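Given next are the chains, with one letter for each unit.
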Amino acid sequence: MRKKNDYVSNVERLYRSHRALIYKIAYEILNDEAWAKDASQETLARMLKYHDKLPFDAPVEAKNYIARIARNTSIDIYNKRKKYNNLAAQSENLPIADNPVEELYITKETVNEIVEIIRNMDTKYSDPLRFHKIDKLTVEEIAEIMGVSVRTVYYRIEKARELIKDELRKRGADND
Amino acid sequence: MTNKDTFDKILDSLLDEALPIVESMPDKNLPEGTDAPFTEEDERRERAILEKERAALRAVHVRAYLKRAAVCAAALILLCAILVMSVSALRAPVLNFVTKTTKESTDITLPNTDDASTSDAQEIYNTDSLSVGYIPEGFSLAERDIKERSVYLLFSNGTQTFDISIHSNNSTISINTEDAYIERMYINNHPALYSENDVCNIITMYDDNYVYIIEGTIDKDNLVQIAQNLKKY
């Protein structure tokens, strides 16, 4: 259950309990103490803005959600300060492969495989998928958090789905 | 529907099943939290962010309360209005209060601003310069008085009264017209004003030199007739 009453205090409590984690995530991306602090405070602002998406009563989910916000906020700050060279712009315009469906087999283990694929997926693709499907953020909200265009968000969500399909296909072939 | 569409639907349902499981597990490769080097200034900035959000939330609550209070006040006013209008004893005073004229007196401004002295008034009286040509039946002179700048004659029949007063041309005379019916007219080619309310009826007319006021509890026709037969020599 997600609490709405007195959400500022609840957000503050969550933020304080994960502030060190937020800072560490930000520092790993930004490699600068001042920027990492800015990213931490921006993460707090975004937690307040999207407080209705915060799973206050689920510690693990809350931690994952906060980590996603922190990570994407840091990347957004880094991109805006034009020091992140590894922005996946190169791969953004690649056409998404449309492989024949008959190559893919669904078994009772498929859900577990998908779980593992998502956990191992580049967060650049898994984060927007999780924001959209789990946190119920709109594409516009995801674009704001990630600091990318709406079109890019759509692309990354679709890319995540294709990566899952490709991996399932590969595993199906390996099992043959 | 193509096979691709079918598979996409299946994938969606699988994702709906898988993602909550992903979410319930701690993310891989999350760094371990360490003591971050946050200073007092950082704490202050964080407190400012939180306080700003609290202030915005308070403003939202205040707006919501005010809106609710306004709705309750409007409903209460409407209820009171319905209650008042449904009780006849209350309805009349309220309607009178709402619709009554704000003009409680009517001023007649006379062109001649020369002062009239007491001797002028005495001259009018002593030289018999006033003739009251019509007195309603049953009335007789009950009182007469020469006041400063005026002549005053009171007539009575025991139950009703009326008086005639004459004033020299002054600047302005105020006549009580509160809650009164007002009618402008001409008497003997002189401009006149008739005022009628629950207390008394008044005719006021003026010429180049004097203003004449006939006031009393008698009816309009008698007042008009008195005025028409009032002569100042």
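Once that is clear, we can look at the overall build of chain B. Scanning chain B from terminus to terminus reveals five helices and 11 strands. Counting only residues that meet the buried cut, chain B has 18% of its 233 residues in that class. In chain B, 51% of the contacts between residues at least 6 apart in sequence involve partners at least 24 apart.

Moving on, we come to the overall build of chain A. Within chain A one finds eight helices and zero strands. Counting only residues that meet the buried cut, chain A has 40% of its 176 residues in that class. Counting only contacts in chain A whose residues sit at least 6 apart along the sequence, the fraction spanning at least 24 positions is 73%.

The next subject is the packing of helix 2 (residues 33-49) of chain A against helix 3 (residues 59-80) of chain A. All names here are of chain A. Packing of helix 2 against helix 3 leaves a shortest axis separation of 9 Å and a crossing angle of 125 degrees. Between helix 2 and helix 3, the angle falls in the class oblique. As helix 2 runs across helix 3, the sense of the crossing is right-handed. Only Ile66, Ile69, Ala70, Thr73, Ser74 and Ile77 of helix 3 make contact with helix 2, whose side of the interface consists of Trp35, Asp38, Ala39, Glu42, Thr43, Arg46 and Met47.

Between chain B and chain A, the contact holds 35 residues from the first and 34 residues from the second. Mapped by element, the contributors of at least two residues to the side of chain B that touches chain A are helix 1 (3-24) and helix 2 (40-86) of chain B. Take the side of chain B that touches chain A: its biggest share by element is 15 residues, from helix 1 of chain B.

Glancing now at the nonpolar core. Ala26, Leu30, Met47, Ile66 and Ala70 of chain A are the most contacted members of the largest nonpolar core, which totals 45 residues. Of all the elements in the fold, those that place two or more residues in this core are helix 1 (7-30), helix 2, helix 3, helix 5 (110-120), helix 6 (123-133), helix 7 (139-146) and helix 8 (150-175) of chain A together with helix 1 of chain B. The residues contacting Ile66 of chain A, other than those within four sequence positions of it, are Leu14, His18, Ile22 and Met47 of chain A. By size, the runner-up hydrophobic cluster in this structure holds 22 residues, among which are Val151, Ile202, Tyr210 and Ile213 of chain B.

Our focus in this paragraph is the pairing of strand 10 (residues 210-216) of chain B. In summary, the side chains of a regular strand alternate between the two faces of the sheet. All names here are of chain B. Of all seven residues making up strand 10, seven are buried, and the element is well covered by its neighbours. Burial along strand 10 is two-sided: the face carrying Tyr210, Tyr212, Ile214 and Gly216 and the face carrying Val211, Ile213 and Glu215 are both buried. Pairing analysis gives seven bridges linking strand 5 (residues 161-168) to strand 10, with the strands arranged antiparallel. In the strand pairing of strand 10, Phe162 is matched with Gly216. Bridging between strand 9 (residues 201-206) and strand 10 involves six bridges; their strand directions are antiparallel. Along strand 10, the bridge assignment pairs Ile202 with Glu215. The antiparallel hairpin formed by strand 9 and strand 10 contains three residues in its connecting segment.

Given 3.6 residues per helical turn, the α-helix brings residues three or four places apart onto the same face. Residue and element names in this part refer to chain A. Regarding helix 7, the residues found buried are Ile142, Ile145 and Met146. With its buried residues spanning 90 degrees around the axis, helix 7 presents them on a single face. Where helix 7 ends, the next residue or the one after it, Gly147, has phi of about 70 degrees, a positive value.

What follows deals with the environment of Gly147 of chain A. Residue and element names in this part refer to chain A. Position of Gly147 relative to the elements: it lies in the loop between helix 7 and helix 8. Here the alpha-carbon distance between Gly147 and Lys80, two residues 67 residues apart in the chain, equals 8.3 Å. Apart from residues no more than four positions distant in its own chain, Gly147 is found in contact with Ile75, Asp76, Asn79 and Lys80.

Residue and element names in this part refer to chain B. Residues at a pLDDT of 70 or more form 76% of chain B, whose mean pLDDT is 79. For residues 107-127, every residue scores under 50 in pLDDT, and the model assigns this stretch 39 contacts once sequence neighbours within four places are set aside. For this predicted complex, the interface score ipTM comes out at 0.72, alongside a pTM of 0.54.

Following the sequence through the fold, Glu23 of chain B ends up in helix 1. Excluding anything up to four places from it in sequence, Glu23 of chain B contacts Glu61, Asn64, Arg130 and Ile134 of chain A.

Moving on to the environment of Ser195 of chain B. Residue and element names in this part refer to chain B. With respect to the helices and strands, the residue Ser195 is situated in strand 8 (residues 190-196). Ser195 gets classed as buried once you count the C-beta atoms within 10 Å, which come to 21. Each C-alpha atom of the pair Ser195 and Lys220 lies 9.1 Å from the other, and the pair is 25 residues apart in sequence.

Take unusual backbone geometry next. With a phi close to 55 degrees, Asn31 of chain A is a non-glycine residue in the positive phi region. Along the polypeptide, Asn31 of chain A turns up in the loop between helix 1 and helix 2. Positive phi is not limited to glycine here, since Asn188 of chain B has a value of about 55 degrees.

The subject of this paragraph is the pairing of strand 5 of chain B. All names here are of chain B. Across seven bridges, strand 4 (residues 150-156) lies against strand 5 in antiparallel orientation. Directly across from Val151, in strand 5, lies its bridge partner Ile166. If you look at the hairpin formed by strand 4 and strand 5, you'll find four residues sitting between the two strands, and Gly158 has a positive phi there, around 100 degrees.

Below, the discussion takes up helix 2 of chain B. With 47 residues, helix 2 of chain B extends 68 Å between its outermost C-alpha atoms, agreeing within 8% with the 69 Å of an ideal straight helix rising 1.5 Å per residue. With two of 47 residues buried, helix 2 of chain B is to be regarded as a mostly surface element.

Analysis parameters
- Residues numbered from 1 in each chain as written.
- Chains lettered and ligands numbered in written order.
- Predicted model: local features only at pLDDT ≥ 70, side-chain atom pairs only at ≥ 80, totals over all residues.
- Helix = DSSP H or I, 4+ residues; strand = E, 2+ residues; numbered from the N terminus.
- Buried ≥ 20, exposed ≤ 12 C-beta atoms within 10 Å, placed from the backbone.
- Contact = placed C-beta atoms within 7 Å.
- Axes fitted to C-alpha atoms, helices over the stretch in contact; angles between N-to-C directions.
- Parallel < 35°, antiparallel > 145°, perpendicular 65-115°, else oblique.
- Left-handed = near helix turned anticlockwise from the far one by under 90°.
- Core = buried A, V, L, I, M, F, W, Y, C linked by C-beta atoms within 7 Å.
- Pairing = 2+ DSSP bridges.
- Arc of directions from axis to C-beta.
- pLDDT = per-residue confidence, 0-100.
- Expected span 1.5 Å × (residues − 1).

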